[in-house]
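The chain contents come next:
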Amino acid sequence: MLRAESVSFGYDGGFTLSDASVDIAAGSLTGLLGPNGCGKTTLLKLLSGVLRPRSGRVMLGDRVLSSMTRRELARHVASVPQETHPAFDYTVMEMVLMGRHPHLSAFQLEGPADFEIARQALDATGTRHLADRNYMTLSGGEKQRVVIASALAQSTEVLLLDEPTASLDLGYQLDVASLLARLNRERNVTMVLATHDLNLVASLCERLVVMRDGRILAAGPTGDVLTGETVLQLYDVDADVQFHQRAGHLTVIPVRRMS
Amino acid sequence: MAARQAKLIRCVVVLLLLCGVNLSGSLEPPRGPQRSASRPTVAPLPTGATRIVSLVPNVTEMLFAVGAGPQLVGVSSYDDFPPETKALPRVGALLDPDTERILSLRPDLVIVYGSQSELEGQFTRAGIRVYPYRHGGIDSILQAIRDVARLSGHPADGDRVIRELRSQLDAVVTRVRGQRRPRTMLVIGRDAGTLRGVYVSGGIGFLHELLDIAGGDDVFGDIKREAVQPSNETMIVRAPEVIMELHPGEQPPADVLRKERAAWNLLASVPAVRTGRVHLLYGGYLLAAGPRIGRAAEAFARVLHPDSFK
Amino acid sequence: MSVPPGSLSGERGIGGRLASVLIGYGALALAACLLAPLAGSTHISLARAFDRSIPFPDNVDAQILFVARMPRVLTGAIVGSTLAAAGVVMQALLGNPLATPFTLGVSTGAALGAVLAITFGTSFPIGTLASVPLASLAGAVVASAIVYVLATRPGRPISTMVLLLAGVTLNAFFSALILFVQYAADFTQAYRTIRWLMGDLDVGSFAPIVASLPLVLVSLGIFAFLPRSLNLLSVGADSAATRGVDVGLTQRLAFFSASLATAAAVSLAGPIGFVGIVVPHLVRLMVGVDHRIVLPASALFGAAFLIGCDLIARTVLAPVEVPVGVVTAMLGGPFFLWLLVRRS
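Every value quoted in this text rests on a predicted model; they were computed, and no experiment measured them. Along every chain, residues carry numbers that run from 1 in the direction the sequence is written. Lettering for chains starts from A, numbering for ligands starts from 1, and both go in the order in which the items are written. pLDDT decides what is reported in this predicted model: residues at 70 or higher carry local features, side-chain atom pairs at 80 or more are listed and counted, and totals for whole chains, interfaces and linings draw on all residues regardless.

**A word on the overall build of chain C**
Convention followed: Every helix listed is a DSSP run of H or I at least four residues long, and every strand listed is a run of E at least two residues long, numbered separately from the N terminus. Note on method: radius of gyration uses C-alpha positions; expected globular size equals 2.2 Å times residues raised to 0.38. Think of it as a crowd count around each C-beta: if 20 or more other C-beta atoms lie within 10 Å the residue is buried, if 12 or fewer it is exposed, and in between it is partly exposed, with C-beta placed from the backbone throughout. We call two residues in contact when their backbone-placed C-beta atoms lie within 7 Å.
Secondary structure assignment for chain C yields 14 helices and zero strands. The C-alpha atoms of chain C give a radius of gyration of 21 Å, which matches the 20 Å a tight globule of 344 residues would have. Principal-axis analysis of the C-alpha atoms places the extent of chain C at approximately 70 × 55 × 35 Å. Within chain C, buried positions represent 57% of all 344 residues. Counting contacts in chain C only where the partners sit at least 6 residues apart, residues at least 24 apart contribute 77% of the total.

**Digging into the overall build of chain A**
Along its length, chain A carries nine helices and 12 strands. The C-alpha radius of gyration computed for chain A amounts to 18 Å, which stays within 12% of the reference 18 Å derived for 259 residues, consistent with globular compactness. Structurally, chain A occupies a C-alpha span of about 55 × 45 × 30 Å along its principal axes. A total of 259 residues make up chain A; the buried ones form 49% of that total. The contacts of chain A with a sequence gap of at least 6 include a subset with a gap of at least 24, amounting to 63%.

**Remarks on helix H9 (residues 228-235) of chain A**
For an α-helix, 3.6 residues make a turn, and residues three or four places apart therefore share a direction. All names here are of chain A. The condition that has to hold: By arc we mean the arc of the directions from the helix axis to the C-beta atoms, nothing more.
The complete set of buried residues in H9 reads Thr-230, Val-231 and Leu-234. Each buried residue of H9 lies within a common arc of 100° when the element is viewed along its axis, so the set occupies one face. Backbone geometry just downstream of H9 places Asp-236 in the positive-phi region, at approximately 55°.

**So, the interface of chain A and chain C**
Many descriptions give the size of an interface as the accessible area lost when the pieces come together. Here is the rule: Residue polarity follows a fixed list, in which Ala, Val, Leu, Ile, Met, Phe, Trp, Tyr, Cys and Pro are nonpolar, Asp, Glu, Lys and Arg are charged, and the others, Gly among them, are polar.
Taken residue by residue, the interface counts 31 residues in chain A and 27 residues in chain C. Looking at the side of chain A that touches chain C, its residues break down into 16 nonpolar, eight polar and seven charged.

**Some points on the arrangement of the chains**
Of all two pairs of chains in contact, the one with the most contacts involves chains B and C. Separated in space, chain A and chain B share no contact, their closest pair of C-alpha atoms being 40 Å apart.

**Concerning the interface of chain C and chain B**
On the chain B side, the residues contacting the 33 residues of chain C number 33 residues. Elements represented by at least two residues in the side of chain C that touches chain B include exactly helix H3 (60-94) and helix H7 (187-197) of chain C. Of the residues forming the side of chain C that touches chain B, the biggest block, six residues, is contributed by H3(C). Residue composition of the side of chain C that touches chain B, by class: 15 nonpolar, nine polar and nine charged.

**Observations regarding the nonpolar core**
Just so we agree on the cut-off: When buried Ala, Val, Leu, Ile, Met, Phe, Trp, Tyr and Cys residues are joined through C-beta atoms within 7 Å, the set is termed a nonpolar core.
With 182 residues, the main nonpolar core has A:Val96, C:Ala85 and C:Val89 as its most contacted residues. A total of 15 residues in this core trace back to one element, the largest contributor, which is helix H13 (residues 291-315) of chain C. Ignoring anything within four residues of it in the chain, the contact list for A:Val96 reads A:Ala118, A:Ala121, A:Leu122, A:Val146, A:Ala149, A:Ser150 and A:Ala153. By size, the runner-up hydrophobic cluster in this structure holds 94 residues, among which are B:Val75, B:Leu287, B:Ala288 and B:Ala299.

**Let's talk about the packing of H3(C) against helix H8 (residues 207-225) of chain C**
All names here are of chain C. Selection rule: Lines fitted to C-alpha atoms define the axes, with helix axes restricted to the stretch in contact, and inter-axis angles between N-to-C directions lie between 0 and 180 degrees. With respect to orientation, any angle under 35 degrees is reported as roughly parallel, any angle over 145 as roughly antiparallel, any angle of 65 to 115 as roughly perpendicular, and every other angle as oblique. For any helix crossing, the convention is left-handed if the near helix is rotated counterclockwise from the far helix by under a right angle, and right-handed if that rotation is clockwise.
Two numbers describe how H3 lies on H8: the axes approach to 11 Å, and their chain directions differ by 30°. Judged by the inter-axis angle, H3 sits roughly parallel to H8. The handedness of the crossing between H3 and H8 is left-handed. Each of Pro-71, Leu-74, Thr-75, Ile-78, Thr-82, Ala-85 and Val-89 in H3 lies in contact with H8, whose residues at this interface are Ile-209, Ser-212, Val-216, Leu-220 and Phe-223. Here the residues of the contact of H3 with H8 are counted per class, giving nine nonpolar, three polar and no charged.

**As for unusual backbone geometry**
With an omega of -10°, the peptide bond running from B:Phe81 to B:Pro82 counts as cis. Between C:Ala318 and the following residue, C:Pro319, the backbone shows a cis peptide bond with an omega angle of 10°. Inspection of the secondary structure assignment puts C:Pro319 in the loop between H13 and helix H14 (324-343). Residue A:Ser6 is not a glycine yet carries a positive backbone phi of 35°.

**Observations regarding the confidence of the model for chain A**
Quick note on the threshold: Confidence of the predictor at the level of single residues is captured by pLDDT, which takes values from 0 to 100.
Looking at chain A, pLDDT values average 92 and 100% of them are 70 or higher. Here helix H6 (residues 170-186) of chain A is the element of chain A with the lowest mean pLDDT, 89, and helix H3 (residues 92-97) of chain A is the one with the highest, 96.

**Details of the sheet that holds strand E1 (residues 52-54) of chain B**
Residues and elements named next belong to chain B. Heads up, the rule is: We treat two strands as partners when DSSP finds at least two bridges between them.
In space, the four strands of this open sheet follow the order E2-E1-E3-E4, with parallel pairing throughout. Two strands close off the open sheet at either side, each with one partner strand: strand E2 (72-75) and strand E4 (129-133). Pairwise comparison of adjacent strand axes, ignoring direction, gives a mean angle of 20° for this sheet. Examined bridge by bridge, E1 and E2 share three bridges and lie parallel to one another. Bridge assignment links Ile-52 to a residue of E2, and that residue is Leu-72. Against the sheet, helix H4 (residues 117-125) engages strand E3 (109-113) and E4, with an angle of about 165° to E4. Contacting E3 and E4, helix H5 (residues 138-151) runs over the sheet at an angle of about 170° to E4.

Below, the structure written as structure tokens:
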């Protein structure tokens with residue numbers, strides 16, 4: 001569905017990402033792991049078309065991303081940034097309706113169909129009751145869910161999320177995790193999730209891509225990739241990776257920092 | 001060019017307006033020079049100052065008029081009248097007086113603006129006599145002539161210059177006596193080619209008094225300020241019968257002159273425009289608050305009452 | 001969950017609100033345009049002003065209405081709406097509600113041009129246009145071009161931080177140049193510069209208005225395409241890009257049109273401050289923050305606002321006038337402070 005073919009990217013000489021290839025299958029939920037500055041965000045921006053690769057290419061189905069207009073692309077791929085700070089205090093409904101932008105022509109206003117899609121997105125993220133609230137008055141977890149709703153209103157097949165739980169407390173982290181799992185299951189949205197939260201990817205993602213220093217170290221099913229060795233390689237941390245009975249998925253317990 | 005000096009004086013008018021200062025000391029302008037000052041405000045020096053620096057162009061002009069020109073050793077950067085000033089060292093002006101340079105000229109009298117109080121203090125501490133010039137109406141001009149004449153050791157010449165000036169002004173008053181006084185607008189600034197940035201003389205200051213002497217009624221005489229920026233509406237409503245525009249520079253070529261006069265045609269209902277009594281006057285003497293005000297008064301009168309000069 | 005009537009999440013939302021805002025604010029602007037010429041330092045009779053039987057040169061009332069007041073009110077409408085709309089666009093472009101049309105150096109460039117024209121320029125008009133407006137327009141264009149070159153790199157979105165920095169630096173640099181030129185100028189010229197900086201709507205005829213119209217119309221035309229993109233842009237450049245906004249193009253259009261609008265307004269009437277920030281914020285307090293509503297509402301309200309300020313300027317101390325920039329600053333300064341305090 002979404003495929004990066006040996007893409008490289010860098011500003012002014014240096015490379016933040018080199019020769020990376022990933023293949024995201026339709027309907028899959030892929031986790032993207034790696035230490036700070038490893039190129040996760042760059043890879044996500046290349047996949048969403050916000051950045052253009054210096055070499056290599058990104059394919060959406062059988063089309064090259066760089067041949068598509070922003071509008072066209074935004075009807076297929078949506079993104080959720082780590083944090084969203086609007087300069088003006090839009091209402092939640094206004095924020096969500098902004099997701100309809102790629103589906104509207106220059107002077108077109110949102111019609112009943114757009115409002116219906118926005119309401120479904122609010123329902124899906126459990127934020128319907130916030131529709132008339134101002135975005136800036138919301139809690140961190142509510143904000144993140146509203147931004148996800150806005151991305152859902154874009155009606156895309158692919159959703160790219162950059163550390164969507166980073167600024168949330170434990171309760172909201174679990175809320176967002178189950179929300180993503182449900183959206184993937186019920187709406188069949190293909191998702192790529194960049195995160196530092198090893199237990200989150202363990203619980204959510206069927207596939208993992210791990211990166212370090214702008215390169216992809218490994219990619220494959222979570223059970224194969226998420227090992228103590230991988231954690232050591234990525235973070236220089238000695239960790240126990242075990243299947244947790246009650247949680248029903250792998251868990252990572254960091255033990256100590258090596259080095 | 002005499003233009004710069006006159007321009008400077010015009011600015012002083014405007015600056016004083018900016019500061020909201022009313023230095024003429026009288027709200028009711030006199031109908032002539034009769035009320036001019038008679039008592040000196042400074043005691044004469046035992047012997048007149050021999051090395052004078054003047055930062056005030058119109059006072060420089062006064063010094064030359066009373067015969068103290070040769071005693072001048074330094075003038076302001078804007079001085080250009082009389083032509084003899086061109087040979088003298090320049091020592092800055094209102095905003096940028098060069099204290100060191102002035103001191104190096106070893107003056108025994110420095111003429112500064114009344115607002116340059118810090119400078120005044122500096123020279124006083126250095127033991128140098130300072131004369132602070134204060135701008136105002138005709139009275140102040142005559143007073144300043146009397147003062148600098150005494151300070152420079154030419155009291156008799158000062159009195160003579162004042163007598164001559166008075167008789168010049170009196171002659172103008174006599175000439176226009178009995179004539180109908182046209183309602184006049186005295187324009188002292190305007191953006192070229194348009195009716196924007198128009199400044200006119202208000203009811204205070206030597207220009208207003210000169211207009212009065214020349215037999216004109218100032219349409220903005222009720223506004224007790226030296227300079228007024230009227231809107232187009234106000235000019236239409238005040239409906240001057242004569243518009244007299246003063247320019248410190250040289251007279252431009254005829255086509256430019258025609259264009260500048262035509263700028264006023266916009267105010268078609270104003271009597272001065274309808275009857276063709278829009279006059280553009282050029283010359284540094286028109287705006288100089290010094291010994292040439294008699295000439296300016298006559299120039300005004302010739303415009304206002306051409307028949308009286310036939 | 002049911003949607004309360006009149007709620008923003010209701011279907012009538014944008015279209016209905018846009019229509020009522022256009023009608024309401026349009027009526028306000030129209031009323032200002034029609035009523036302001038009737039008021040002034042003098043009383044005029046409308047019947048006499050429109051009496052065709054009196055020849056125009058004899059008709060003082062008509063003169064006052066058509067020569068003195070109408071160009072002035074029209075200038076107020078154009079300058080007010082242009083500056084207010086440019087303020088809205090600039091705030092969205094920079095993602096900063098405290099930005100003004102003058103933040104990126106356009107007005108300081110215009111001021112430098114005007115100061116140069118006042119100080120060294122020929123005192124003779126070029127064609128039908130006076131040299132000061134032309135020079136200030138040129139100064140504004142040069143300033144915008146410098147900021148643009150400094151802040152943009154081909155093919156990349158503009159970094160608003162760099163843009164802001166370039167604008168602020170240029171503002172400071174041009175201000176220093178203005179001081180230098182003023183130092184070289186004589187007092188009359190320096191005073192005329194100061195007066196120019198206070199703004200003046202008494203343009204004296206319709207000619208300068210007509211001359212500025214093409215620039216104003218082009219920039220307003222570009223503004224019309226921007227609002228929805230500005231909504232997204234003000235949420236974040238990357239997030240706007242993933243929602244389908246061509247960020248680089250939108251930023252360039254916004255920069256170009258806002259600069260052009262500001263340049264036209266400033267060359268027509270001088271840099272009248274606070275209109276570009278007070279009006280958008282007042283409007284947001286009344287109609288929310290959606291740019292599709294804020295932009296047209298600000299343009300209309302800005303016209304009414306500046307006409308109102310000028311009415312105060314020309315009547316409060318009649319027959320003497322208060323510079324209109326002083327009136328907007330007296331009203332706008334405290335308001336701006338209040339906004340700052342409220343935000344912190």
